[in-house]
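# Secondary and tertiary structure notes
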Amino acid sequence: AASDPCRAQPEPRESAYAEHTHMVLLPTRGHGPLTLAPNVEVERLGFGTWAWGNKLLWGYDEAADPVLEAAFRRAVAGAPLVDRRRFFFDTGDSYGTGAREGRAESLLGRFRREARARRRVAIGTKLAVYPWRLRGEDFEDACRASLRRMGESRMELVQAHWSAANFQPWQEPALWDGLARCYEAGLAGAVGTSNFGPKQLRKANAHWASRGVPHSANQVQLSLLSTLPLESGLLEASSELGVTPIGYSPLALGLLSGKYDADSVPAGPRGVLFRQLAPGLAPLLDTLREVSRARGKSVSQVAINWVMCQGAVVIVGIRTPEQAADNLGALGWRLSKAEQDALTEEARRVPKKATQNIFQTA
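The paragraphs below set out a description of the structure included in this document. Given the structure is predicted, the values throughout are model-derived calculations rather than measurements.

Attention shifts here to the environment of Gly258. Checked against the element boundaries, Gly258 lands in the loop between strand E9 (244-248) and helix H10 (269-277). Other than its neighbours up to four places away in sequence, Gly258 contacts Arg289 and Val299.

Written out as structure tokens, the structure is:
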């Protein structure tokens, strides 16, 4: 039946931002650095290289390598005598599709060697837990191969790309031993984990502590559309163990960048995911835009700053100098508690959240 135009219609819901921010915004200080490895502190903003060499998802083209290098240089640019910040660059030995596997490490190593501001770059690679890596020596060999691709003798952080617990639990002891061997051989300044939940994090941490190996970081999917680390007790466990959380996909593959909506999605596999999630995102994106306008920041910068406020180093992908410049704008300020609460509340109302990594453990 047709709706009755005379019937009283419900009042439009006031946004969470409006509910929380009937106040004047005061200037806020930025976030301090966090520990990546012993004697290595990095800014809360880091950079990921997943797209470097990935043709399937990101349309990588070798002809664009100069643009990637320009993006890298923009990310680490600064007056060397005045700006002493260090930035974490995250990579992995599996980054690069098909014959390009390892391409991201090769590019990152070359860009770092050729950069004037080399010391501003702290590198961490993630070793894939392939089913044929069954001994600690296999992971140590993989780490040495990564260093050869990067043209380095040592890196700041070596990480497990995922835990074997979900699919090949018998492989986990070899993984822990392998990362410890990397540290003990002087190949890395510390070890890290990725996609470990609080239970598995404690187990791995206890093993490394018994060998005197510093376990300094744990990467996890963290954004307004992926709040599992806040709900599972992972951030509390990380704080207790002295492990720095590193949040990846803070923009949910671009969903929270403000560039897309239900009527405008990217091509390829990302577009399939966007079509599933975008219809329910309008209120959250509206709130992000409200905060963006009030702060004079981009939508991406607001979404990234929210993750920083959770106590994490945030890694964002960069493919162009413009992206790098925009990402850097997330530093030097912080959302007020009212703004954080407004965004968190709106995120809770989203009907469908981002898909969790299949390797994420309890």
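What follows continues from the structure just given.
Burial runs high along strand E8 (residues 215-221): 7 of the 7 residues are buried. The pairing of strand E7 (residues 191-194) with E8 spans 4 bridges and is classified as parallel. Following the sheet pairing, Gly192 is matched in E8 by Ala217. Viewed along the sheet, the connection from E7 through helix H7 (residues 198-210) into E8 turns out right-handed. Relative to E9, E8 is paired through 5 bridges, and the arrangement is parallel. Looking across to E9, one finds that Gln221 is bridged to Tyr248.

In this model helix H6 (residues 172-184) runs 18 Å from its N-terminal to its C-terminal C-alpha over 13 residues, within 8% of the 18 Å that 1.5 Å per residue would give. Regarding H6, the residues found buried are Glu172, Ala174, Leu175, Trp176, Gly178, Leu179, Ala180 and Cys182. Packed against the buried residues of H6 are strand E5 (121-127), helix H5 (136-150), strand E6 (157-160), E7 and H7.

You can see Lys126 is positioned in strand E5. A distance of 2.6 Å separates polar atoms of two side chains, one belonging to Lys126 and the other to Asp90. Reaching out from Lys126, the side chain makes a polar contact with the side chain of Tyr95 at a distance of 2.8 Å. Non-local contacts of Lys126, meaning those with residues more than four positions away in its chain, are made with Asp90, Thr91, Gly92, Asp93, Tyr95, Gln159, His161, Ser194 and Gln219.

The next subject is the nonpolar core. The biggest cluster of nonpolar side chains holds 86 residues, and the ones touching the most others in it are Trp52, Phe89, Leu256 and Leu288. Among the elements that take part in this core, helix H12 (residues 299-308) stands out by supplying 7 residues, more than any other. Setting aside residues no more than four positions away along its own chain, Phe89 makes contact with Phe47, Phe72, Ala75, Val76, Leu108, Val121, Ala122, Ile123, Gly124 and Ile318. Core analysis: the second largest hydrophobic core is formed by 14 residues, Leu36, Val40, Ala122 and Val313 among them.

Before going further, it helps to spend a moment on the sheet that holds E6. With parallel pairing, 8 strands are arranged side by side around a closed barrel as E3-E4-E5-E6-E7-E8-E9-E10. Direction aside, the axes of adjacent strands within the sheet are offset by 25° on average. Relative to E6, E5 runs parallel, the two being bridged by 4 bridges. For Lys126, the partnering residue across the bridge sits in E6 and is Gln159. Sitting on the sheet, H5 touches E5 and E6, and the angle it makes with E5 is about 140°. Of the strands in this sheet, E7 and E8 touch H7, which is tilted by about 160° from E8.

So, about the pattern of salt bridges. Under the counting rule described, the total for this entry stands at 21 salt bridges. Residues Glu240 and Arg202 are paired through a salt bridge, measuring 3.0 Å at the closest nitrogen-oxygen approach. Note that Glu240 is positioned in helix H9 (residues 234-241) and Arg202 in helix H7, a separation of 38 residues in sequence. The class of Glu240 is exposed, set by a relative accessible area of 57%. Taking relative accessible area as the criterion, Arg202 reaches 36% and is therefore assigned partly exposed. Here Arg349 makes a salt bridge to Glu345, at a shortest N to O gap of 2.7 Å. Given the relative accessible area of 37%, Arg349 is considered partly exposed. When salt bridges that share partners are traced, they join Arg86, Arg112, Arg118, Glu152 and Glu156 into one network.

Rules used in this analysis
- Residues numbered from 1 in each chain as written.
- Predicted model: local features only at pLDDT ≥ 70, side-chain atom pairs only at ≥ 80, totals over all residues.
- Heavy atoms only, no water.
- Helix = DSSP H or I, 4+ residues; strand = E, 2+ residues; numbered from the N terminus.
- Contact = heavy atoms within 4.5 Å.
- Buried < 20%, exposed > 50% of the residue type's maximum accessible area, 1.4 Å probe, protein only.
- Pairing = 2+ DSSP bridges.
- Right-handed = clockwise from strand over helix to strand, strands pointing away.
- Expected span 1.5 Å × (residues − 1).
- Polar contact = N/O pair within 3.5 Å; in protein donor to acceptor, adjacent residues only side chain to side chain.
- Core = buried A, V, L, I, M, F, W, Y, C linked by side-chain atoms within 4.5 Å.
- Axes fitted to C-alpha atoms, helices over the stretch in contact; angles between N-to-C directions.
- Salt bridge = Lys/Arg side-chain N within 4 Å of Asp/Glu carboxyl O.

Scope: geometric values only; no functional claims are made or implied.
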